[in-house]
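# Observations on chain architecture
Read off the chains here:
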Amino acid sequence: MTEFGNKWFDLNIELYKKVYLIRKAEEKIRVHYHENDMKTPMHMSVGEEAIAAGVCHALGEQGQIFGSYRSHAIYLAKTGETDKFFAEMYGKKTGLAKGKGGSMHLSAPENGFLGTSAIVAGTIPIAVGTAFSNKQNKNNKMAAVFFGDGAIDEGVFWESLNFACLMNIPVLFVCEDNGFAVHYPPSVRHGYNSICDIVAKFNCNVFSSETTDVEIVYELTCNAIEVSKNTQRPAFLYLKYYRYLEHVGVNEDFDCGYRSKEEFMKWQKVDPVD
């Protein structure tokens, strides 16, 4: 195998390990959650593994990550750690926050995973502040913040985007759009058709994809990071995926009437782990 072939093979193995770890960890949560020993609400990541793994791998060890309440995938992709993660799910003192934070409040600063919050869009301005500090200190670190498309309905997203563009701050806004804010599609929330078209009007680099291929997400993110650093502008990654399970909980919810099983079957054909 050529040197390029070896690098390609090693990259794909590392990316696959990440998506596989995320899926298997959450499958175990689904198996044991009904035993009622995990006393925390669960916002599951099944279906978004490619985004978490691809973006986190592109950011590397020096990357700094913030997340929302649905952050199992990005935590596992960034740290590869499971013991403290599961201890936190079970409310044990050996957990990430000594069992007091639960599923929605994960952090591992030693790994560059700087925190998640149950407040919609709550970590976006903090990520921008971190990126501004990186710029002032000239340490070449890249900060990224993950959020759902419901977060763009919050004023703080637009304030943070505007400030990052105004001050020429390299920061990665990662919008993971699963098609709903809880149960509500964009058609009943947005007075516009394309978030990317609007963000592109700012001094911001915009990248988008609907792929479930982790390698494509990785390459797209590498490009976004390079362009952001070279232009000294923020980057907006708009990535589509399908949430396999209910908004909060470990079960399917196709009988609730707001989405169909047929739509799920289309996305399952391009499952990120398969």
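Use the structure listed above.
Let us look at the structure shown here. (Residues numbered from 1 in each chain as written. Predicted model: local features only at pLDDT ≥ 70, side-chain atom pairs only at ≥ 80, totals over all residues. Heavy atoms only, no water.)

Turning our attention to the overall build of the protein. Counting its regular elements, the protein contains nine helices and six strands. For 274 residues, the compact-globule formula gives about 19 Å, and the C-alpha radius of gyration of the protein, at 18 Å, lands near that figure. Dimensions along the principal axes, computed over C-alpha positions, put the protein at roughly 50 × 45 × 45 Å. A total of 274 residues make up the protein; the buried ones form 52% of that total. (Helix = DSSP H or I, 4+ residues; strand = E, 2+ residues; numbered from the N terminus. Rg over C-alpha atoms; globule rule 2.2 N^0.38 Å. Buried < 20%, exposed > 50% of the residue type's maximum accessible area, 1.4 Å probe, protein only.)

Looking now at the pairing of strand 1 (residues 64-67). With burial as the criterion, each face of strand 1 is covered, one bearing Gln-64 and Phe-66 and the other bearing Ile-65 and Gly-67. Here three bridges tie strand 1 to strand 3 (residues 143-148), and the two strands are oriented parallel to one another. Note that in strand 3 the partner of Gln-64 across the bridge is Ala-143. (Pairing = 2+ DSSP bridges.)

Over its twelve residues, helix 6 (residues 155-166) extends 16 Å from the first C-alpha to the last, a length consistent with the 16 Å expected when each residue adds 1.5 Å. Restricting attention to buried positions, one finds in helix 6 the residues Phe-157, Ser-160, Leu-161, Ala-164 and Cys-165. Buried residues in helix 6, looked at end-on, bunch into an arc of 130°, giving them a common side. Of the exposed residues in helix 6, those oriented more than 90 degrees away from the buried face are Glu-159 and Leu-166. A positive backbone phi angle near 55° is found at Asn-168, which sits one or two residues after helix 6. (Expected span 1.5 Å × (residues − 1). Arc of directions from axis to C-beta.)

Let's shift gears to the environment of Gly-257. Along the chain, the position of Gly-257 falls in the loop between strand 6 (235-240) and helix 9 (261-268). Accessibility expressed as a relative area gives 67% for Gly-257, which makes it exposed. For Gly-257 and His-183, which are 74 residues apart along the polypeptide, the C-alpha to C-alpha distance reads 9.6 Å.

By volume, the largest pocket amounts to about 280 Å³. Residues belonging to the lining of the largest pocket are distributed by class as follows: nine nonpolar, five polar and five charged. The computed volume of the second largest pocket comes to approximately 220 Å³. Secondary-structure elements contributing two or more residues to the lining of the second largest pocket are helix 7 (195-199) and strand 6. Taken together, the residues of the lining of the second largest pocket break down into six nonpolar, four polar and three charged. (1 Å grid on protein atoms, 1.4 Å probe; cavity = no way out; pocket = protein on both sides within 12 Å on 5 of 7 lines; lining within 4 Å. Points joined across faces, edges and corners; volume = space filled by probe spheres on them. Nonpolar A, V, L, I, M, F, W, Y, C, P; charged D, E, K, R; others polar.)

Even without glycine at this site, Lys-138 takes up a positive phi of about 55°. Among the secondary structure elements, Lys-138 is positioned in the loop between helix 5 (124-137) and strand 3. For Lys-138, a relative accessible area of 75% translates into the label exposed. Look at Gln-232: it is not a glycine, yet its phi comes out positive at around 55°. The topology assignment puts Gln-232 in the loop between helix 8 (214-231) and strand 6.

We now examine the side chain of Arg-70. Structurally, the position occupied by Arg-70 is in the loop between strand 1 and helix 3 (72-79). The side chain of Arg-70 sits in the buried core without any salt bridge; Glu-48 is the nearest counter-charge, 5.0 Å away. Within polar-contact distance, the side chain of Arg-70 engages the backbone oxygen of Met-44 at 3.0 Å. In terms of polar contacts, Arg-70 uses its side chain to reach the backbone carbonyl oxygen of His-247, at 3.0 Å. Aside from chain neighbours lying at most four places away, what touches Arg-70 is His-43, Met-44, Ser-45, Glu-48, Asn-178, Tyr-241, Arg-243, Glu-246 and His-247. (Lys, Arg positive; Asp, Glu negative; His and termini not counted. Salt bridge = Lys/Arg side-chain N within 4 Å of Asp/Glu carboxyl O. Polar contact = N/O pair within 3.5 Å; in protein donor to acceptor, adjacent residues only side chain to side chain. Contact = heavy atoms within 4.5 Å.)

Right, let's talk about the packing of aromatic side chains for a bit. Taken as a whole and assessed by the stated rule, the structure comprises 15 aromatic pairs. Judged by centre distance (6.1 Å) and plane angle (65°), the rings of Phe-132 and Phe-163 are edge-to-face. Within this pair, whereas Phe-132 is found in helix 5, its partner Phe-163 is found in helix 6, the two being separated by 31 residues in sequence. (Phe/Tyr/Trp six-rings, centres within 6.5 Å; stacked < 30°, edge-to-face > 60°.)

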